[in-house]
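Observations on the model geometry
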Amino acid sequence: MSIVKRAVGRLAHRTWAYLREAAALSPGSTGGYRFRHLGEGACVSFPLGAIFGEAWIEIGDHTLIGERVSISAGMGPGVDLGPDSIVRIGRACSIGRGSHIVGHQSIDVGDDVFTGPYVYITDQNHVYDDPETPIGRQWPRNNPVSIGSGSWLGTGAIILPGTRIGRQSVVAAGAVVRGEFPDHSVIAGVPAKIVRRHSPERGWHSPLLPVLPEGPQDFREARTAPARPGPPATRPTVAEAG
């Protein structure tokens, strides 16, 4: 590689790094003022995804929004969505690159929520009530979404309308989640279900396995203990056989 080409490459990398830093959205930047709230130390990384409806979006202190993350409130820009915020992301969160958070009624993401890349969260879905009308032309239906503080959403997880995930929960990569899930759950599958739970009595455990008895006749001990020899078999006499 020639000296000129190496110098041009170094200049290009430095210029791109400068542009990324300068174009990121922060509380002090021009674009940051469009949000209803963009907390202290928060950053929306450049390159940006599709972001509109900022007046109905709240992002908490020290939250990092990754590159090419799309966050939207409403069907499109320039629509009055009323007095209340619609998308609320808590403090100290990290939203992975390429993710989408699409709100129309209410999406609540708690504090300290981390996601992998390409996670999709929405509170709206199309309906198919009329079998003759194209589904894309039927009016969609909204249902609020809530993700508890301290949770982790794996790469490619999809959170559908009406989902409520409790605190300190894990959503496995690629899961399609809909429904209500308590605190301290591990959620996986398509459709997603609880595969592990935590309780003070049992710690982390599978809810699908039965609770084994405790005590001297513990089933686990009986299952693994070697068989005890019984009395020698004897053949019945003619009289006993009748």
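Residues numbered from 1 in each chain as written. Predicted model: local features only at pLDDT ≥ 70, side-chain atom pairs only at ≥ 80, totals over all residues. Heavy atoms only, no water.

1. Considering the sheet that holds strand S17 (residues 158-159)
In a beta sheet, neighbouring strands pair by backbone hydrogen bonds and run either parallel or antiparallel. For clarity, the cut-off: A strand pair is defined by DSSP finding two or more bridges across the two strands. Secondary structure elements follow DSSP: runs of H or I of four or more residues count as helices, runs of E of two or more count as strands, with numbering from the N terminus.
On the basis of which strands lie adjacent, the open sheet formed by six strands has the order S3-S6-S9-S12-S17-S20 and parallel pairing. In the strand order of this sheet, the two ends are held by strand S3 (51-52) and strand S20 (176-177), each with one partner. Bridge analysis of S3 against strand S6 (residues 70-73) gives two bridges, and the strand direction is parallel. Bridge assignment links Ile-51 to a residue of S6, and that residue is Ile-71.

2. A word on the pattern of salt bridges
Formally: A pair is scored as a salt bridge if a Lys or Arg side-chain nitrogen falls within 4 Å of a carboxyl oxygen belonging to Asp or Glu.
Applying the stated criterion across every chain yields a total of five salt bridges. As a salt-bridge pair, Glu-54 and Arg-34 come within 3.1 Å of each other at their nearest N and O atoms. A residue pair is termed long-range when its members are at least 10 positions apart, and Glu-54 in the loop between S3 and strand S4 (57-59) and Arg-34 in the loop between helix H1 (3-23) and strand S1 (37-38) qualify at 20 residues. Salt bridges linked by common partners bring Arg-20, Glu-67 and Arg-68 together as one network.

3. Structural notes on unusual backbone geometry
Outside of glycine, negative phi angles account for most residues, and trans bonds account for most peptide bonds. Cis geometry marks the peptide bond from Phe-46 to Pro-47, where omega comes out at 5°. Its location among the elements puts Pro-47 in the loop between strand S2 (43-44) and S3. The omega angle of the peptide bond from Val-190 to Pro-191 is -5°, so this bond is cis rather than trans. Considering the arrangement of structural elements, one finds Pro-191 in the loop between strand S22 (185-188) and strand S23 (193-199).

4. Topic: the pairing of S6
The side chains of a regular strand alternate, first on one face of the sheet and then on the other. Counted only if it meets this: Accessibility here uses a 1.4 Å probe with only protein chains present; expressed as a share of the type maximum, an area under 20% marks a residue as buried, one over 50% as exposed, and anything in between as partly exposed.
Side chains of S6 alternate between two faces, with Ser-70 and Ser-72 and Ile-71 and Ala-73 buried alike. Taken together, the four bridges between S6 and strand S9 (residues 100-103) define a ladder with parallel strand orientation. Note on S9: the bridge partner recorded for Ala-73 is Gly-103.

5. Considerations on the environment of Ile-159
The condition that has to hold: The contact definition used throughout considers only heavy atoms, calling two residues in contact when any of these lie within 4.5 Å.
Here Ile-159 is to be found in strand S17. Along the primary structure Ile-159 and Ile-101 are separated by 58 residues, whereas in three dimensions their C-alpha atoms are 9.5 Å apart. Among all residues touching Ile-159, those that are not within four sequence positions of it are Tyr-120, Ile-121, Thr-122, Val-145, Leu-153, Ile-165, Val-171 and Val-177.

6. Observations concerning the sheet that holds strand S10 (residues 107-109)
Across the sheet, seven strands lie side by side as S1-S4-S7-S10-S15-S18-S21; this open sheet has parallel pairing. Each of the sheet's edge strands pairs with one partner strand only, and the pair in question is S1 and strand S21 (180-181). As paired elements, S1 and S4 share two bridges and run parallel to each other. Pairing of His-37 across the sheet is with Glu-58, part of S4.

7. Things to note about the nonpolar core
Within soluble globular proteins, side chains that are nonpolar tend to cluster in buried spots. For the record, the criterion: As used here, the term nonpolar core means buried Ala, Val, Leu, Ile, Met, Phe, Trp, Tyr and Cys residues forming a set that is joined through side-chain atoms within 4.5 Å.
Grouped together as the largest cluster of nonpolar side chains are 36 residues, with contacts concentrated most on Ile-59, Ile-71, Ile-89, Ile-121, Val-171 and Val-177. Beyond its immediate chain neighbours, meaning those up to four positions away, Ile-89 contacts Glu-58, Ile-59, Gly-60, Thr-63, Ile-65, Ile-71, Ile-101 and Val-109.

8. Some thoughts on the pairing of S9
Summarising the sheet, S9 and strand S12 (residues 120-122) pair through three bridges and their orientation is parallel. From the neighbouring strand, Val-102 faces S12, where its bridge partner is Thr-122.

9. Points about a nonpolar patch on the surface
Rule in force here: Within this analysis, patches are made of residues with over 30% relative accessible area and no salt bridge. Like charges are joined at 9 Å or less; nonpolar side chains (Val, Leu, Ile, Met, Phe, Trp, Tyr) at 5 Å or less. Here the open area of atoms and residues is found with the Shrake-Rupley method and a 1.4 Å probe, where only the protein chains shown may cover a residue.
Together, Trp-16, Tyr-18 and Leu-19 give the surface a local cluster of nonpolar side chains, amounting to about 350 Å² of exposed area. Mapped onto the elements, Leu-19 comes out in helix H1. Its relative accessible area of 40% is what places Leu-19 among the partly exposed residues.

10. Things to note about the side chain of Gln-124
Note the threshold: Think of a polar contact as two N or O atoms within 3.5 Å of one another; within protein, one of them needs to be a possible hydrogen donor and the other a possible acceptor, and neighboring residues in sequence only count if both atoms come from side chains.
Following the sequence through the fold, Gln-124 ends up in strand S13 (residues 124-125). A distance of 2.8 Å separates polar atoms of two side chains, one belonging to Gln-124 and the other to Asn-142.

11. Focus on the side chain of His-104
Inspection of the secondary structure assignment puts His-104 in the loop between S9 and S10. Side chain to side chain, His-104 and Gln-124 meet in a polar contact 3.5 Å long. Setting aside chain neighbours within four positions, we find His-104 in contact with Gly-74, Met-75, Ile-86, Asp-123, Gln-124 and Asn-142.

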